Amino acid sequence: MTTSESAAAGIVVEGVSRAFGEVKAVRAATFTAAAGTVTGLIGPNGSGKTTLMLMLASLLKPDAGHITIAGFDPTVDPAAVRSRLGWMPDVLGSWSALTVRSTLEYTGRLYRQDRQSAARRASELIDLVGLEALADSPTRVLSRGQKQKLSLARALVHDPAVLLLDEPASGLDPAARVELRTLVRRVAGEGKTVLISSHVLAELDEMADSAVYLANGVTASKESVARAQAGVRAWRIKSSDDAGLVRALNGAGFGVDALTHERGEVMIPLGSETEASTLLATLVAGGVPISTFAPAVGDLEQTFLGLNAEDQP
Amino acid sequence: MSAFLVGIGVIVSLELRQRVRTVAWYVLIGVFVALVAIVTVLLKIALGGFGADNSGGAIFSAIIYFVLLLGTLVAPALSGNAINGDRDAGTLATTQVTLVTTWQLILGKFLAAWVTALAFLAAAIPFLIYAALEGGISGTAILVSVLVLAIELGVVAAIGVGLSGILSRPLFSVAVTYLVVAALSVGTLIAFALGGLSVQSDVRATTSYATSYSSTGQPEQCGAPQTTNYPVPRFDYFWGVLVANPYVLLADAVPTAYEAEGYPTDLFGNIKLGVRQAQLPPDFTTNYDECAGDSFQAAFETPREIIDRTTPGWFVGLIIHLVLASGALVWAWSRTRTPAAQLARGSRVA
């Protein structure tokens with residue numbers, strides 16, 4: 001599959017905008033998410049992530065621009081999009097009087113499955129997200145994390161080719177987050193397209209192949225992302241010989257002013273990965289016992305913070 | 001069965017399970033049955049006290065009215081938050097991203113609300129059978145009254161579901177649904193009464209009374225004719241308002257059974273008579289000459305004759321109601337359609 005083919009099978013967004021009255025929630029969003037990959041959608045609160053998700057989910061009509069989901073335009077052929085799209089909203093709603101099982105069965109029926117296949121699929125999904133113990137309890141007794149799992153299962157009912165997950169990890173415990181990550185990677189491994197929005201950037205770092213940055217309703221261009229990634233970034237170094245480490249760093253040309261100490265680690269600003277490798281080699285060669293040498297923040301967070309800093313006048 | 005109907009069926013079943021089938025609901029039906037039973041027994045005793053030989057007819061009409069009253073009181077609560085309540089609960093958008101269409105969603109919700117209101121009618125059926133047997137009510141009358149009642153409950157359900165799609169706040173749409181029911185049930189009566197009383201016409205009455213009588217009591221000589229003017233209310237201008245009243249509509253639609261003298265035998269017939277009399281304009285000039293042997297009651301008509309020669313307004317009312325109901329549903333559809341172009345101020349899709 002070529003790049004353009006896999007993009008067409010996934011999500012293509014070109015110049016999309018949407019205003020609510022005076023408020024321009026999304027002003028210019030352009031990105032592609034290729035089939036078989038996980039794409040993170042990153043942006044501060046109020047940047048238009050959910051509005052963009054709603055337009056992708058065929059619920060909201062863009063004022064301008066063009067969207068295709070698995071090759072179909074949601075404003076022209078919503079039914080074709082819906083049969084290929086799973087959406088997990090940021091709002092956790094469930095039919096409170098229905099059990100977990102019948103919620104999934106009804107969702108399947110709404111996707112035009114017959115009773116038997118809807119029931120079979122519901123059982124599969126209950127196993128998949130780990131809600132076996134609660135399968136026959138009404139959904140109103142579920143905790144926030146359990147509702148997240150149900151919501152994820154509901155998005156997967158019709159085995160969609162494109163999956164939109166809006167803040168899927170909020171409310172999940174660490175074990176459930178790991179399960180979510182495994183699940184998302186597996187779905188992508190099956191050749192499907194996954195778009196995830198999240199505030200927890202460290203987590204997206206582990207899941208996403210690429211990221212789309214959204215600020216004030218505008219997606220960041222490739223150039224500004226590259227610029228933000230290229231900026232100076234903090235690295236943390238840990239050594240059992242703290243005094244020796246500081247001495248060695250001073251010797252390598254880093255003044256005392258450039259260093260900060262945090263929880264027994266030394267933080268040091270470095271311009272690039274090359275600079276980091278050179279410094280590490282120097283320290284090791286100088287006999288300093290190093291136990292940690294890593295960027296202080298993840299790639300996504302670095303980019304996110306860099307873009308935000310660029311945004312400020 | 002077509003895919004469209006299957007989709008509606010899934011929504012109806014979902015609605016009934018999610019909103020309706022609760023303990024509180026069964027309690028409500030139980031209370032309703034108890035109330036109908038009490039009303040039936042009390043009416044039987046009360047009418048028996050008057051020595052009425054046809055209390056069954058009155059009981060039948062009373063139960064039908066009672067079901068209409070309770071149905072129109074319960075239906076708004078069940079239907080008035082069908083769409084915006086789901087939006088608040090976060091279950092509307094997740095339904096809309098499935099393959100169910102907006103029309104299937106709205107019609108399914110409407111049918112579920114209607115079926116729920118009809119449950120009250122179903123619960124009252126044993127009492128209706130008893131009253132019908134007791135009163136010897138004709139099959140047509142039973143059929144028409146039950147049918148019109150069922151349609152009226154559907155109209156209220158449709159208006160409730162419609163308003164829940166038009167207005168964004170559930171409490172507000174339920175309240176507005178109640179106001180619509182009140183406007184139709186009570187507002188039309190007030191408009192009719194106030195309208196009729198505020199427009200008045202002068203009647204010119206010319207009377208000539210006898211000044212002397214013969215030994216047999218026959219008038220021999222009459223005095224000069226005297227003319228007096230007095231105003232009368234013009235209800236005949238406003239009778240049209242009443243056709244939109246569900247209670248009047250129901251009474252007007254049901255075929256009336258008459259006694260030998262031409263009087264209606266049941267409550268519906270008497271209400272129908274009252275409404276039909278309101279259509280008749282008053283006599284603007286009356287003449288009475290005692291010597292000419294005039295009688296005050298010269299132009300007496302039986303109720304049956306009045307009903308037969310006046311306009312049956314019920315089907316105009318029914319058309320108005322059906323237009324209101326379908327208009328509300330169409331408007332709700334256009335407000336709930338996705339992908340949404342416009343959203344109401346302060347509302348969100350999901």
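Data block above holds the structure.
Attention here is on the structure that accompanies the text.

Reading guide: rules and limits
- Numbering of residues begins from 1 in every chain and follows the order in which that chain's sequence is written.
- Lettering of chains starts at A and numbering of ligands starts at 1, both following the order in which they are written.
- Local features in this predicted model are restricted to residues whose pLDDT is 70 or higher, and side-chain atom pairs enter the listing and the counts only when it is 80 or higher, whereas totals over whole chains, interfaces and linings include all residues.
- The side-chain figures draw on all heavy atoms in the structure; neither hydrogens nor water molecules are used.
- Where helices and strands are cited, they refer to DSSP runs of H or I of at least four residues and of E of at least two residues respectively, numbered from the N terminus.
- Working definition: with a 1.4 Å probe on protein chains only, accessible area under 20% of the residue-type maximum means buried, over 50% means exposed, and in between means partly exposed.
- Contacts are assigned to residue pairs with any non-hydrogen atoms lying within 4.5 Å of each other.
- For accessible areas, the Shrake-Rupley method is used with a probe of radius 1.4 Å. Any residue's cover is judged against the shown protein chains and nothing else.
- We count Lys and Arg on the positive side and Asp and Glu on the negative side, and we leave His and both chain ends out.
- In this description, the location of a charge corresponds to atom NZ of lysine, CZ of arginine, CG of aspartate or CD of glutamate.
- By definition, the buried area sums, over both parts, the 1.4 Å-probe accessible area that each loses when the two are put together.
- Each reported salt bridge corresponds to a side-chain nitrogen of Lys or Arg within 4 Å of a carboxyl oxygen of Asp or Glu.
- What qualifies as a polar contact is a pair of N or O atoms within 3.5 Å, subject to a donor-acceptor requirement within protein and to the restriction that residues adjacent in sequence count only when both atoms come from side chains.
- Between the first and last residue of a helix there are one fewer steps than residues, each counted as 1.5 Å, and that sum is the expected span.
- Two axes enter the bend calculation: one fitted to the seven residues ending at the residue in question, the other to the seven starting there, and the bend is the angle between them.
- Side-chain rings of Phe, Tyr and Trp, where Trp is taken by its six-membered ring, are said to pair if the distance between their centres is within 6.5 Å; with planes under 30 degrees apart they count as stacked, over 60 as edge-to-face, and otherwise as tilted.
- The rule is short: NZ of Lys or CZ of Arg within 6 Å of the ring centre and within 35 degrees of the ring normal puts a charge over the ring.

**Thoughts on the overall build of chain A**
Then, in step 1: Regarding its fold elements, chain A presents 12 helices and 13 strands.
Then, in step 2: For the C-alpha atoms alone, the extent of chain A along its principal axes is close to 75 × 45 × 40 Å.
Then, in step 3: Across the 313 residues that make up chain A, the buried fraction comes to 49%.
Then, in step 4: Nonlocal contacts in chain A, meaning residues at least 24 apart in sequence, comprise 72% of its contacts between residues at least 6 apart.
Then, in step 5: With the model as given, the accessible surface of chain A reaches about 13,900 Å², and the carbon-plus-sulfur share is 52%.
Then, in step 6: With 30 positive and 35 negative side-chain charges, chain A shows a separation of 7 Å between the mean positions of the two kinds.

**Points about the interface of chain A and chain B**
Then, in step 1: Listed as interface residues are 34 residues of chain A and, on the opposing side, 26 residues of chain B.
Then, in step 2: When the buried area of chain A at its contact with chain B is split by residue, Leu 59, Tyr 106 and Leu 110 of chain A rank highest and sum to 24% of it.
Then, in step 3: Here chain A is connected to chain B by zero salt bridges.
Then, in step 4: Counting every contact that joins chain A to chain B gives 12 residue pairs in polar contact (both at pLDDT 80 or more).

**A few points about the pattern of salt bridges**
Then, in step 1: Applying the stated criterion to the full structure yields 13 salt bridges over all chains.
Then, in step 2: Where Asp 236 of chain B meets Arg 234 of chain B, a salt bridge forms, and the shortest distance between an N and an O atom there is 2.8 Å.
Then, in step 3: Residue Arg 234 of chain B is classed as buried on the basis of its relative accessible area of 6%.
Then, in step 4: Arg 276 of chain B is the partner of Asp 252 of chain B in a salt bridge, and the nearest nitrogen-oxygen pair spans 3.0 Å. Separated by 24 residues along the polypeptide, Asp 252 of chain B in helix H10 (residues 246-253) and Arg 276 of chain B in helix H11 (residues 267-277) bring together distant segments of the chain.
Then, in step 5: Since its relative accessible area comes to 3%, Arg 276 of chain B is described here as buried.
Then, in step 6: Residues participating in the shared-partner salt-bridge network are Asp 159, Glu 190 and Lys 192 of chain A.

**Section: the environment of Val 248 of chain B**
All names here are of chain B.
Then, in step 1: Locating Val 248 in the fold gives a position in helix H10.
Then, in step 2: Distance in space between the C-alpha atoms of Val 248 and Thr 311 is 13 Å, their sequence separation being 63 residues.
Then, in step 3: If near-sequence neighbours (up to four positions away) are discounted, Val 248 is found in contact with Tyr 65, Leu 242 and Val 275.

**Quick word on helix H6 (residues 102-135) of chain B**
Residue and element names in this part refer to chain B.
Then, in step 1: Taking 1.5 Å of rise per residue, 34 residues should cover 50 Å, and H6 covers 47 Å from first to last C-alpha, within 8% of that figure.
Then, in step 2: Where H6 bends most, the angle comes to about 45 degrees, and this point is Ile 125, followed within four residues by the proline Pro 126.
Then, in step 3: Phi for Gly 136, located one or two positions after H6, is positive at around 55 degrees.

**Concerning the packing of aromatic side chains**
Aromatic ring pairs are reported here in terms of the distance separating the ring centres and the angle at which the planes meet.
Residue and element names in this part refer to chain B.
Then, in step 1: By the definition in use, this model includes nine aromatic pairs over all chains.
Then, in step 2: Taking 5.3 Å as the distance between ring centres and 65 degrees as the angle between the ring planes, the aromatic pair formed by Tyr 65 and Tyr 247 counts as edge-to-face. Taken together, the residues span a long stretch of sequence, with Tyr 65 in helix H3 (residues 55-79) and Tyr 247 in helix H10 at a distance of 182 residues.
Then, in step 3: Of note, Arg 337 hangs over the ring of Trp 333, and the distance from its end group to the ring centre comes to 4.6 Å.

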